[in-house]
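# Descriptive analysis of the structure
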Amino acid sequence: MKHFDIAVIGAGPAGANFARLADSESHKILVIHNEGYEKPCGGLLSPDAARALAAYDLTLPAEILASPQIFAVRVIDLESGLCKRYPRHYLNMKRSAFDAWLRSFIPPQVTVVRGKCVKITDSENVFSIRLANGEIYTADKIVGADGASSLVRRTFFPECKCRRYTAIQQQFRAKNGNAFYSCIYDAKTSPACSWILFKDSVMTFGGAFSPAHSRKSFEEQKQRLIGKGIVCAEDFSNPIKTEACEVLCPAQKGFCMGNDRIFLIGEAAGFISPSSFEGISYALLSAEALAQAFESEKPKEKYFLLTEKLRLKLRIKAIKCDILSSPFLREGIMRSGITAIKSRSTQSLNPKNEITTERNFS
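Attention in this report is confined to the structure presented alongside it. Within each chain, residues carry numbers counting from 1 in the order of the written sequence. Note on the predicted model: pLDDT of at least 70 is required for a residue's local features to be given, and 80 or more for side-chain atom pairs to be given and counted; whole-chain, interface and lining totals, by contrast, use all residues. Note: side-chain values were computed over all heavy atoms of the structure, leaving out hydrogens and water.

## As for the packing of aromatic side chains
- Whether two aromatic rings pair depends on their centres lying within 6.5 Å, for rings of Phe, Tyr and Trp, where Trp uses its six-membered ring; planes under 30 degrees apart make the pair stacked, over 60 edge-to-face, and the rest tilted. In total, this model carries 13 aromatic pairs according to the counting rule given.
- On the basis of an interplanar angle of 90° and a centroid distance of 5.2 Å, the ring pair of W101 and F105 is categorised as edge-to-face.
- The exposure class assigned to F105 is partly exposed, which follows from its relative accessible area of 33%.
- Of the aromatic side chains, those joined through ring pairs into one cluster are F172, F205, F209, F218 and F236.
- Only Lys NZ and Arg CZ are tested; either one counts as a charge over a ring when it is within 6 Å of the ring centre and within 35 degrees of the ring normal. One cation-aromatic arrangement involves R311 over F304; the distance from NZ or CZ to the ring centre is 3.8 Å. To sort residues, take the accessible area from a 1.4 Å probe on protein chains only and compare it with the maximum for the residue type: under 20% means buried, over 50% means exposed, and anything in between is partly exposed.

## Side note on a nonpolar patch on the surface
- Any residue with relative accessible area above 30% and no salt bridge may belong to a patch, with like charges joined within 9 Å and the nonpolar Val, Leu, Ile, Met, Phe, Trp and Tyr side chains within 5 Å. Here the Shrake-Rupley method, with its probe set to 1.4 Å, supplies the accessible areas, and only the displayed protein chains count as covering residues. Any Lys or Arg side-chain nitrogen located within 4 Å of an Asp or Glu carboxyl oxygen qualifies as a salt bridge. On the surface, I319, I323, F328, L329 and I333 cluster together to form a nonpolar patch covering roughly 470 Å² of accessible area.
- With three residues, helix α9 (residues 327–336) is the single largest residue contributor to the nonpolar patch.
- Relative to the helices and strands, F328 is located in helix α9.
- The class of F328 is exposed, set by a relative accessible area of 68%. By definition, any uninterrupted DSSP run of H or I lasting at least four residues is a helix, any uninterrupted run of E lasting at least two residues is a strand, and each is numbered from the N terminus.

## Remarks on the pairing of strand β9 (residues 136–144)
- Each pair of strands is called paired provided DSSP finds at least two bridges between the two strands. Pairing of strand β1 (residues 2–9) with β9 involves seven bridges; the strand directions are parallel. When the bridges of β9 are listed, A7 appears paired with I142.
- One ladder, built from three bridges, connects β9 with strand β15 (residues 262–264); its direction is parallel. Bridge assignment links G144 to a residue of β15, and that residue is L264.

## A closer look at the environment of T242
- Turning to its location among the elements, T242 is positioned in strand β14 (residues 241–248).
- Each C-alpha atom, one on T242 and one on L21, is 35 Å from the other, the two residues being 221 residues apart in sequence.
- Throughout, a contact is declared for two residues whenever any of their heavy atoms are within 4.5 Å. The contact partners of T242, leaving out residues within four places of it in the chain, are Q169, Q170 and R215.
- Pairs of N or O atoms are called polar contacts if they sit within 3.5 Å, as long as, within protein, a hydrogen donor faces a hydrogen acceptor (for residues adjacent in sequence, only side-chain-to-side-chain pairs). Within the structure, the side chain of T242 is placed 3.0 Å from the side chain of Q170, a separation counted as a polar contact.

Structural data, given as structure tokens:
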């Protein structure tokens, strides 16, 4: 049975970045990577995440990027019938390739084990970590980087509650030439947002739904999009892939940082935008904060201090989420045209070409 100073559960952006930045010369570090699992994700790299990578002197290889690149988001409100474009810049990328690329920077002295962690127990100040294949490792400290359904959080902090949705995505062969990134609001089927995005020849439709009857709501929203003429029925025919996962939506509370021996980073800690569900930037930055905190004599207190700005930013995002989730407030903002891109098109939204205008489509 191998023993480590720190065991990192999860090797997504949070776990990989922590393992890359932590002092692996002073600490014996284990990373457990559930290799067969790919998180359902839009795979868009936000400006904040791009800035974090630039600060690390990391540049994305071309093979990680997908087409098209995104300079604006088309916001569609099914209730009011409004549709407007807003300037946003995201790097469109292949998420699994991005995660693998980030893991490639983990130092060779860090032990990376491929397998699914199924149980963690704490006995006499030593953690025992059991994998699905029966292997057992021990560690003095645990870092939970295992996402919204974090085993670490559920095991040791069951009292830490956070609003949760079920994210469902389907992929289809792209049949439309206008590959525009869209954000969809539909109060009849979801309290959150949905999205349509394109990667090369594949169209992805996904959204966050209340856990009860999430698949029914997902299918109903698809029919409403067809009925409004935003997509053709043909566009949603013969899905290539269907996937789902739990996603957190933190409010003013809901963050769980851990304690003196257990630390949570990324979405496991509640670090994810409640308005857009963007989590890569928060995964990178919280992992960096914890790596720095381990250099302190009091890592728990240091980690809490270093993530203060992240928590404040997410609390502001929670207010934005509440505003956008209100049909009345959202319609008022969209009608005002504040920060919207004025369309030069004379065509309206229809299932033949998906061209967006400032006019109603209802």
